[in-house]
Amino acid sequence: MAQHPIIELFERAGQAHVFAFFDRLSPVEQTQLLADAAEVDLAEVSQLYRSLVAKSEGAAGVNLAGLAPAPYEKRPEHGGDAEAWAQAKSAGELALRGGRVAAFTVAGGQGTRLGYDGPKGTFPVTPLKRKPLFHVFAEKIRAAGLRYERPLHWFIMTSHANHAATEVFFADNACFGLDPARVHFFRQGRMPAVSLDGKIILETTGSLALSPDGHGGSLRALDRSGALDLMQREGIDTLSYFQVDNPLVRCIDPALIGWHLLRDSEMTSKMVPKAYAEEKVGHFCSQGGKTVVVEYSDLPMAMQRETAANGELRYIAGSIAIHVLDREFVRRMAAGGDGATLPFHRADKKIPTVDADGTSVKPEKANGVKFEMFVFDALPFAKNAVVIETLRADDFSPVKNGEGLDSPQTCRDDQLRQFSRWLTANGANVATDASGRPNIAVEVSPLFGYDEDSFADAWEKLSPKPDVVDGLYLS
Ligand code: UTP
């Protein structure tokens, strides 16, 4: 019988082992394995193996030549131009009223560190109501739509592993009050893991070890899924990008959008000043007239610690994964060509697999390499990239780990601090500890207020004002 063409391709590429157990599989399993295999771009895998794995011994690492800190727009309270910020905010508001903006959440990660069973967006985070992450974003997006009298479209990138569960979660919750016709889910791409000698790893006898291609895969996936065409038909040219794990994020920030549009930028990003020199964040830098993000692991410690004449850290601008993207820029990056392609990075991992007999093996140490793209690698390709400052307390408190740093507890505390700041700024009396955390639990629904402006407006209208006591929920 003639060999299946996919099997032949794999044989020719030196990957015949992928089908070593093929004859033992049921017809359904065979079809599944062939489908997995059909997803693989063998030439790409081979090229990545050669450039990132085979050659990496003694590789030069990241090029630091000519690296300098990236300029950024300081907030007015830190000496930035208050007039320019006000103009940016007005421009952003105008774009929102004109329906030019959509929200975009990347939710295709595996969330291994949190160790939660289910799509990360379904993880409960708010202090009183235990609202899941998706619920918080949905309410912020809905509230912004009401404020600017233009309901927003929301694009959500999922993975193969969590796509169905994510859709069911939204359906079960009636889309949290959003118009389902404006909420769009699409899957990101997958990449096969390879062993240190370049062989594509089998996860079981009938499946490949495939995993999401990184948040940078979102650019390709936006294009492939038809999201960009949909945006174009709807007159949307600006995407507000944020991660699924950060409930503090201003999903829709008029000032950020306005800076992006007024500067005719293709990609605009938020920075926070690093909390301390060695903080494990990406650093916004300039190199050869381009904006780049250099990961902490690639920036020599001496540079991370370098200070300027005023005593401030020189490489101070930490990336918090909040960006605004121009639609046609995404299309260009997705198409590749002219060198405008996101590079892949390698991550060495313990990848469950099978041995020569087909028995499952759980490796004790890294046995293979996964390939991922990072969205911030698009920055050097963007025309007029802009970086603006934001206050960490107003934009960033991710849930990454089960405990300790960036955990549900630190995120809960940061939300409480934010609610308390909004209340205090509007004249309410809230007792807090030295860190600004109230000693009671309160919660503000994004539908009441989702940033300081909307909160102030809603609070002003409240009559009589409630006492700020334990359990207060403003909705
Ligand atoms: P992280 O880098 O925190 O990765 O993702 P993760 O997979 O969620 O978590 P760990 O490392 O396994 O614990 C940052 C953001 O990028 C998204 C995540 O969903 C999160 O919003 N992401 C990451 C994707 O959408 N796809 C990916 O392939 C990777």
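Here, the structure is the one placed above.
We now turn to the structure provided with this report.

Reading the values: the criteria
- Residues numbered from 1 in each chain as written.
- Predicted model: local features only at pLDDT ≥ 70, side-chain atom pairs only at ≥ 80, totals over all residues.
- Heavy atoms only, no water.
- Helix = DSSP H or I, 4+ residues; strand = E, 2+ residues; numbered from the N terminus.
- Rg over C-alpha atoms; globule rule 2.2 N^0.38 Å.
- Buried < 20%, exposed > 50% of the residue type's maximum accessible area, 1.4 Å probe, protein only.
- Areas by Shrake-Rupley, 256 points an atom, 1.4 Å probe, with all protein chains shown as cover.
- Lys, Arg positive; Asp, Glu negative; His and termini not counted.
- Charge placed at Lys NZ, Arg CZ, Asp CG, Glu CD.
- Polar contact = N/O pair within 3.5 Å; in protein donor to acceptor, adjacent residues only side chain to side chain.
- Contact = heavy atoms within 4.5 Å.
- Pairing = 2+ DSSP bridges.
- Near = heavy atom within 4 Å.
- Nonpolar A, V, L, I, M, F, W, Y, C, P; charged D, E, K, R; others polar.
- 1 Å grid on protein atoms, 1.4 Å probe; cavity = no way out; pocket = protein on both sides within 12 Å on 5 of 7 lines; lining within 4 Å.
- Points joined across faces, edges and corners; volume = space filled by probe spheres on them.
- Salt bridge = Lys/Arg side-chain N within 4 Å of Asp/Glu carboxyl O.

1. As for the overall build of the protein chain
Argument step 1. On a plain count of helices and strands, the protein chain comes out with 14 helices and 21 strands.
Argument step 2. The C-alpha atoms of the protein chain give a radius of gyration of 24 Å, which matches the 23 Å a tight globule of 475 residues would have.
Argument step 3. Oriented by its inertia axes, the alpha-carbon framework of the protein chain measures out at about 80 × 55 × 45 Å.
Argument step 4. Across the 475 residues that make up the protein chain, the buried fraction comes to 52%.
Argument step 5. Counting every atom, the protein chain has about 21400 Å² of accessible surface; 50% of that belongs to carbon and sulfur.
Argument step 6. If you average the places of the 51 positive and of the 62 negative side-chain charges in the protein chain, the two averages end up 1 Å apart.

2. A look at the side chain of Thr-126
Argument step 1. Within the secondary structure, Thr-126 sits in the loop between β2 (101-106) and α5 (133-147).
Argument step 2. A polar atom in the side chain of Thr-126 sits 3.0 Å from the side chain of Glu-443.
Argument step 3. Not counting chain neighbours up to four residues away, the residues in contact with Thr-126 comprise Lys-131, Val-136, Gln-415 and Glu-443.

3. Section: the environment of Ala-37
Argument step 1. You can see Ala-37 is positioned in helix α2 (residues 27-38).
Argument step 2. We classify Ala-37 as buried; its relative accessible area is 2%.
Argument step 3. Among all residues touching Ala-37, those that are not within four sequence positions of it are Ile-6, Phe-10, Phe-19 and Leu-208.

4. Brief notes about the sheet that holds strand β18 (residues 368-372)
Argument step 1. If you walk across this open sheet you meet the three strands as β6-β18-β15, and the pairing is antiparallel. This sheet does not close on itself; its edge strands, each paired only once, are β6 (194-195) and β15 (345-349).
Argument step 2. In this structure, β6 lies alongside β18, joined through two bridges in antiparallel fashion. Of the residues in β18, the one forming a bridge with Ser-195 is Gly-368.

5. A closer look at the site of the ligand
Argument step 1. Not every one of the 17 residues close to the ligand is listed here, only the nearest: Val-106, Gln-110, Thr-112, Gln-188 and Lys-400.
Argument step 2. With respect to the ligand, the backbone of Val-106 contributes an N or O atom lying 2.7 Å from an oxygen atom.
Argument step 3. In isolation the ligand offers 570 Å² of accessible surface; the protein chains occlude 86% of this area.
Argument step 4. When its residues are assigned to classes, the shell around the ligand shows five nonpolar, nine polar and three charged.

6. Here we look at the pairing of strand β13 (residues 290-294)
Argument step 1. Where burial is concerned, most of β13 is hidden: four out of the five residues are buried.
Argument step 2. The sheet contact formed by strand β12 (residues 283-287) and β13 spans five bridges and is antiparallel. Opposite His-283, over in β13, you have Val-294 as the bridge partner.

7. Comments concerning empty space enclosed by the protein
Argument step 1. The final tally for this structure, using the stated rule, is one cavity of 30 Å³ or more.
Argument step 2. Roughly 110 Å³ of internal volume is contained in the largest cavity.
Argument step 3. Contributing to the lining of the largest cavity are 14 residues, with Val-136, Lys-140, Phe-419, Val-444 and Pro-446 lying nearest its centre.
Argument step 4. In terms of residue count, helix α13 (residues 408-425) provides more of the lining of the largest cavity than any other element does, four residues in total.
Argument step 5. Among the residues making up the lining of the largest cavity, the classes are represented as eight nonpolar, four polar and two charged.

8. Quick word on the pattern of salt bridges
Argument step 1. Going through the model one piece at a time under the given rule, you end up with 33 salt bridges.
Argument step 2. For Asp-179, the salt bridge goes to Arg-182, with nearest N and O atoms at 3.1 Å.
Argument step 3. In this structure, Asp-229 and Arg-331 form a salt bridge, with 2.9 Å as the shortest nitrogen-oxygen distance. Here the residue Asp-229 occupies a position in helix α8 (residues 227-234), and Arg-331 occupies one in helix α11 (residues 327-335), the gap between them amounting to 102 residues.

9. Some remarks on α11
Argument step 1. Looking only at α11, the buried set comprises Arg-327, Phe-329, Val-330, Arg-331, Met-333 and Ala-334.
Argument step 2. On its buried side, α11 packs onto α7 (217-224), α8, β11 (267-273) and β14 (317-326).
Argument step 3. The opening residue of α11, the one whose side-chain oxygen lies 3.2 Å from the backbone nitrogen of Glu-328, is Asp-326.
Argument step 4. Once α11 ends, the next one or two residues include Gly-336, with phi positive near 70°.

10. Looking at the environment of Glu-73
Argument step 1. Mapped onto the elements of the fold, Glu-73 is located in the loop between β1 (68-69) and α4 (82-97).
Argument step 2. Taking the C-alpha atoms as reference points, Glu-73 and Thr-390, 317 residues apart in sequence, are found 9.3 Å from one another.
Argument step 3. Leaving out residues up to four positions away in the same chain, Glu-73 has contacts with Trp-85, Trp-259, Arg-263, Val-387, Ile-388 and Glu-389.

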